Amino acid sequence: MVGFDDTLLQTSLVDAFLRIWPFKADVYDDGSGVCAAFLANLDDKTDKNVVFRNVAYHLPSWSVGILSDCMNVVFNTAKVGPLASVVEMVPEELQPSAASPSKGLNGLKWDIFTENAGVWGVADSTKNGFVDQINTTKDTTDYLWCTTSITIGENEEFLKKASRPVLLIESKGHALHASVNQKLQGSASGNGSHSPFKFKNPISLKAGKNEIALLSMTVGLQNAGGLYEWVGARLTSVKIEGINNGTMDLSMTKWTYKAFCFIEFELQ
């Protein structure tokens, strides 16, 4: 058992740093009897016992004990457990309504707006390939329109057979609505423990030019954890299967970007 001697701490408010491996003590004493101390066990594998001001304390491995009066332990960081809650994406059928006293989302007042798919006004940027959504929007909005166009020849077999090609999308998160020629083709999202997701859905294409508009959204799925700032949120792959040439990879084609939904921008 190791002991600390802090008898030299006497005058005005003192931040005393005492250290005998693997222990560390930070003591705050103003000399009038007001005192607080932080006792740390820096050993990340073994619990330890230590004597501080003639009192023995048990310190779990890699923990800090807080003594609000330099005597009684009021808290130890080893007692902090992980959060058990998990964020999930739950579909809700919401309709325009007046506020009601009922609980839950349906008890709120909801307004419904129609958004035209694709870039509105002047585009923010055009680039071959994908951009990181968080860096692009700079936390000013949760929405980023990503649009491109493809040309379909009249000799495509799927047009003759009345079949439908399949749109394949991979994203780091968090959610997405996919539209082709102003018509919604489907949606996808990650979840609270795994933000990346994949989208796979048949789409309607016509002969000639087809506009593909993807509304990429950040919805707060992951907002903490190790290396959180490097996780990012963006498209990583967009492909179309079921055409004459096999698979059309749009990942490095020219994409046009626009932050904000139009109605969101108008209501600011």
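For the structure given in this document, a descriptive report is provided here. Everything numeric in this text was worked out from a predicted model, so none of it was measured.

1. Focus on the overall build of the chain
Turning to step 1, where the next piece is worked out: The helix and strand tally for the chain stands at four helices and 18 strands.
Turning to step 2, where the next piece is worked out: Evaluated residue by residue, the chain yields a buried proportion of 35% over its 268 residues.
Turning to step 3, where the next piece is worked out: In the chain, the proportion of contacts linking residues at least 24 apart, taken out of those at least 6 apart, comes to 58%.
Turning to step 4, where the next piece is worked out: Total accessible area on the chain is roughly 16400 Å²; 54% of this is exposed by carbon and sulfur atoms.

2. A look at the pattern of salt bridges
Any two side chains of opposite charge can pair if their charged atoms end up close together.
Turning to step 1, where the next piece is worked out: Going through the model one piece at a time under the given rule, you end up with seven salt bridges.
Turning to step 2, where the next piece is worked out: Among the salt bridges present, the one from Asp43 reaches Lys48, with a minimum N-O distance of 3.9 Å.
Turning to step 3, where the next piece is worked out: Exposure remark for Asp43: the relative accessible area of 18% places this residue in the buried category.

3. Some thoughts on a nonpolar patch on the surface
Turning to step 1, where the next piece is worked out: A contiguous nonpolar surface patch, about 270 Å² in accessible area, is contributed by Val74, Phe75 and Val80.
Turning to step 2, where the next piece is worked out: Relative to the elements of secondary structure, Val80 occurs in the loop between strand 8 (73-76) and strand 9 (125-128).
Turning to step 3, where the next piece is worked out: Overall, the relative accessible area of 54% leaves Val80 in the exposed class.

4. Side note on the sheet that holds strand 9
Turning to step 1, where the next piece is worked out: The antiparallel open sheet is built from six strands, whose spatial order is 9-18-10-15-12-13. In this open sheet, the two edge strands, each paired with only one partner strand, are strand 9 and strand 13 (183-189). Looking at each pair of strands side by side, their axes are set apart by 25 degrees on average, direction ignored.
Turning to step 2, where the next piece is worked out: Here strand 12 (residues 175-180) runs beside strand 13; their pairing, made up of six bridges, is antiparallel. Across the sheet, His177 pairs through a bridge with Ser187, a residue of strand 13.

5. Quick look at the sheet that holds strand 16 (residues 235-243)
Turning to step 1, where the next piece is worked out: Here we have four strands laid out as an open sheet, ordered 14-11-16-17, and antiparallel in their pairing. The two strands at the open ends of the sheet, each matched to only one other strand, are strand 14 (197-202) and strand 17 (246-249). Each strand axis lies, on average, 20 degrees off the axis of its neighbour in the sheet, ignoring direction.
Turning to step 2, where the next piece is worked out: Of the pairings in the sheet, the one linking strand 16 to strand 17 comprises four bridges and is antiparallel in character. Looking at strand 17, one finds that Lys239 is bridged to Asp249.

6. A short note on the state of the cysteines
Turning to step 1, where the next piece is worked out: Tallying each qualifying case throughout the model produces one disulfide.
Turning to step 2, where the next piece is worked out: The disulfide partner of Cys35 is Cys70, and the S-S distance across this bridge is 1.7 Å. Handedness here is read from the sign of the S-S torsion; for Cys35 and Cys70, about -65 degrees, the answer is left-handed. Placement of Cys35 in strand 4 (residues 35-41) and of Cys70 in the loop between strand 7 (63-67) and strand 8 is noted, with a sequence separation of 35 residues between them.

7. Let's talk about the nonpolar core
Turning to step 1, where the next piece is worked out: If you look at the biggest cluster of nonpolar residues, it comprises 36 residues, and the most contacted ones within it are Ile169, Leu214, Val238 and Ile240.
Turning to step 2, where the next piece is worked out: Within the residue set of this core, elements represented by two or more residues are strand 10 (143-152), strand 11 (166-171), strand 12, strand 14, strand 15 (208-217), strand 16 and strand 18 (254-259).
Turning to step 3, where the next piece is worked out: Counting residues in each nonpolar core, the second largest holds twelve residues, with Ala25, Ala37, Leu39 and Leu67 among its members.

8. Some points on the pairing of strand 3 (residues 23-29)
Turning to step 1, where the next piece is worked out: Burial within strand 3 is extensive, with five of its seven residues counted as buried.
Turning to step 2, where the next piece is worked out: Where strand 3 lies against strand 4, seven bridges are found, and the strand directions are antiparallel. Paired with Phe23 across the bridge in strand 4 is Asn41.
Turning to step 3, where the next piece is worked out: Where strand 3 folds back onto strand 4 in an antiparallel hairpin, the turn is made up of five residues, including Gly31, whose phi is positive at roughly 85 degrees.

Thresholds, definitions, all that
Residues numbered from 1 in each chain as written. Predicted model: local features only at pLDDT ≥ 70, side-chain atom pairs only at ≥ 80, totals over all residues. Heavy atoms only, no water. Helix = DSSP H or I, 4+ residues; strand = E, 2+ residues; numbered from the N terminus. Buried < 20%, exposed > 50% of the residue type's maximum accessible area, 1.4 Å probe, protein only. Contact = heavy atoms within 4.5 Å. Areas by Shrake-Rupley, 256 points an atom, 1.4 Å probe, with all protein chains shown as cover. Salt bridge = Lys/Arg side-chain N within 4 Å of Asp/Glu carboxyl O. Patch = residues over 30% accessible without salt bridge, like charges linked within 9 Å, V, L, I, M, F, W, Y side chains within 5 Å. Pairing = 2+ DSSP bridges. Axes fitted to C-alpha atoms, helices over the stretch in contact; angles between N-to-C directions. Disulfide = S-S within 2.5 Å. Core = buried A, V, L, I, M, F, W, Y, C linked by side-chain atoms within 4.5 Å.

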